[in-house]
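Coordinate inspection notes
Here's the letter readout for the chains.
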Amino acid sequence: MTNKSISNRDMNVLWHPCTQMKDHETFPIIPISRGNGIYLEDFEGNRYIDGISSWWVNLFGHANSYINGKVKEQLDTLEHVILAGFTHEGIVVLSERLVKLAPEGLTRCFYADNGSSAVEVALKMSYHAHRNRGDNRALFVSLTNSYHGETLGALSVGDVALYKETYEPLLIRSIQTPSPCDQTVEAANEAIAQFERLLRERSSEIAALIVEPLVQGAGGMVMYHPHFLTQAKWLCSEYGIHFIADEIMVGFGRTGTMFACEQAEITPDFLILSKGLTGGYLPLSVVMTTESIYGEFYCDYNPYRSFLHSHSYTGNALACAAANATLDLFEKNRVIEANRELSMAISDGLKRFVGRKEVKETRQCGMIGVIELEGFDPKERIGVTIHRLCLGKGILIRPLGNIIYVMPPYVITTGELGLIFDAIESALNELTL
Ligand SMILES: *Cc1c(COP(=O)(O)O)cnc(C)c1O
């Protein structure tokens, strides 16, 4: 089997995510035959370092022997069971562990099977909890430049025009308040002042504020100070609206703490987790909430008061086994502490790019490093060019337009991180020759 034989067949029957398929007439899709640690290998033996954790999901490498073992064990016992009226040990253990790990007060776990679905769950729960108290609030607030997924509800509360604009007539009501423009406390305070102004005018219509804590991912890895979250949570409580923390990307150590909300010392009303939850193995997501929200729905059976939401694969047992194995690895290897060294290596790597004429700025939050370019015409699709140049050097990165970022699995070494930065540097040198 060759790369070409697979990719040609692929082009006859597949339609890939977030892709203009015609692009692949000139640049073939890459078929991966196996994964091992941070490496992906194609059918011709070329290896690629997975510098973006396969779309931000993989934490401990591909085909991790420990997680593999736990999933195989589960496979021989129970692959899946309906989660209405039934439960299984894996999901009970996982929920107990998440309650212990998450900010104090998040005591209830509601599962779905991908990030966007979990965002839908949180939006519906928030609206419904208010409604159960006789309060009709059908408006959500999010930050400018935010991303919360691509199903219609999740898309509605996002603010990335590229994904949203076309579907505008289909969306539910949401408004945006400015996100902090940089990582300073001043920028956080400015954004808070605007948010407070909005609340003074319209808080009675608003169900919840939804945010990506500390880093806005798909919007271009925009980073801000935890002070914003602390203040925003306080304002939400003051004005009686819910605070939804979408930690789908930043959860599980990405920002340097297990959850980004820890850095702001807040407990959101809803915490949404997915991506890293299963170590990048299987689709699973969870919405964690408080006993107080849970209480709004707890009563003698009443179809209007109950949260009658479900997905077929809710709480899949194999996914829970992968999630429990992932949490084992966090404990056993003291991952959050160990990542500090990697995080310093990312910081060192970024230093090489400071002062280059095509670099606007570099920034970092924990295990995410960013090189933002400037001076390129969007029509040039500079990100695509850099992606391809780096693939040629055995490195998988996937810039968001002019934003190059590195978000590696936690099992990478500082040496291997260096290889990623070497590839980016030499790609930039080729571009600007
Ligand atoms: C990826 C992502 C989502 C959507 O999750 P999917 O599993 O891709 O549906 C939502 N919010 C954030 C912050 C994300 O990074």
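Residues numbered from 1 in each chain as written. Predicted model: local features only at pLDDT ≥ 70, side-chain atom pairs only at ≥ 80, totals over all residues. Heavy atoms only, no water.

All right, on to the sheet that holds strand 12 (residues 285-290) then. For sheets, the rule is that strands pair by backbone hydrogen bonds, running either parallel or antiparallel. A sheet is described by the order of its strands in space; here seven strands give the open sequence 4-12-11-10-7-5-6, paired in mixed fashion. The sheet is open, and its two borders are formed by strand 4 (106-112) and strand 6 (174-177), each paired with just one other strand. When the angles between neighbouring strand axes are averaged without regard to direction, this sheet yields 25°. Where strand 10 (residues 242-246) meets strand 11 (residues 270-273), three bridges bridge the pair, whose relative direction is parallel. Looking at strand 11, one finds that Ile-244 is bridged to Phe-270. Sheet contacts for helix 9 (residues 185-202): strand 5 (139-143), strand 6 and strand 7 (206-211); angle to strand 6, the most-contacted strand, approximately 145°. (Pairing = 2+ DSSP bridges. Helix = DSSP H or I, 4+ residues; strand = E, 2+ residues; numbered from the N terminus. Axes fitted to C-alpha atoms, helices over the stretch in contact; angles between N-to-C directions. Contact = heavy atoms within 4.5 Å.)

Further remarks concern the site of the ligand. Neighbouring the ligand are Trp-56, Asn-114, Gly-115, Ser-116, Tyr-147, His-148, Gly-149, Glu-212, Asp-246, Ile-248, Met-249 and Lys-275. In this structure, an oxygen atom belonging to the ligand sits 2.8 Å away from a main-chain N or O atom of Gly-115. Separating a nitrogen atom of the ligand from a side-chain N or O atom of Asp-246 is a distance of 2.7 Å. Considering the ligand on its own, with 380 Å² of exposed area, one finds that the protein chains cover 83% of that surface. The residue inventory of the shell around the ligand, partitioned by class, reads four nonpolar, five polar and three charged. (Near = heavy atom within 4 Å. Polar contact = N/O pair within 3.5 Å; in protein donor to acceptor, adjacent residues only side chain to side chain. Areas by Shrake-Rupley, 256 points an atom, 1.4 Å probe, with all protein chains shown as cover. Nonpolar A, V, L, I, M, F, W, Y, C, P; charged D, E, K, R; others polar.)

By the assigned domains, the protein chain splits into domain 1 (31-63 + 334-432) and domain 2 (68-332). Once you take the C-alpha centre of each, domain 1 and domain 2 turn out to be 27 Å apart. Opposite the 27 residues of domain 1 that make contact, domain 2 presents 28 residues. Carbon and sulfur atoms supply 65% of the area that domain 1 and domain 2 bury against each other, a total of about 2200 Å² over both sides. (Domains from an automatic or database assignment. Buried area = accessible area lost by both parts, 1.4 Å probe.)

A word on the pattern of salt bridges. For the coordinates displayed, the defined rule picks out 18 salt bridges. Here Arg-137 ties to Asp-135 by a salt bridge, and the two come within 2.8 Å at their closest N and O atoms. Looking at Asp-135, the relative accessible area reads 23%, which means it is partly exposed. A salt bridge links Arg-363 to Glu-372; the nearest nitrogen and oxygen atoms lie 2.7 Å apart. Pair check on accessibility: Arg-363 and Glu-372 agree, each one buried. (Salt bridge = Lys/Arg side-chain N within 4 Å of Asp/Glu carboxyl O. Buried < 20%, exposed > 50% of the residue type's maximum accessible area, 1.4 Å probe, protein only.)

Once that is clear, we can look at helix 4 (residues 65-75). Of the residues making up helix 4, those classed as buried are Ile-67, Val-71 and Gln-74. Considered in projection along helix 4, the buried side chains sweep an arc of 60° and stay on one side of the axis. Facing away from the buried side of helix 4 by over 90 degrees, the exposed positions are Ser-65, Lys-72 and Glu-73. Against the buried residues of helix 4 lie helix 13 (317-332). Regarding helix 4, its N-cap is Asn-64, as a side-chain oxygen of that residue lies 2.9 Å from the backbone nitrogen of Tyr-66 further along. (Arc of directions from axis to C-beta.)

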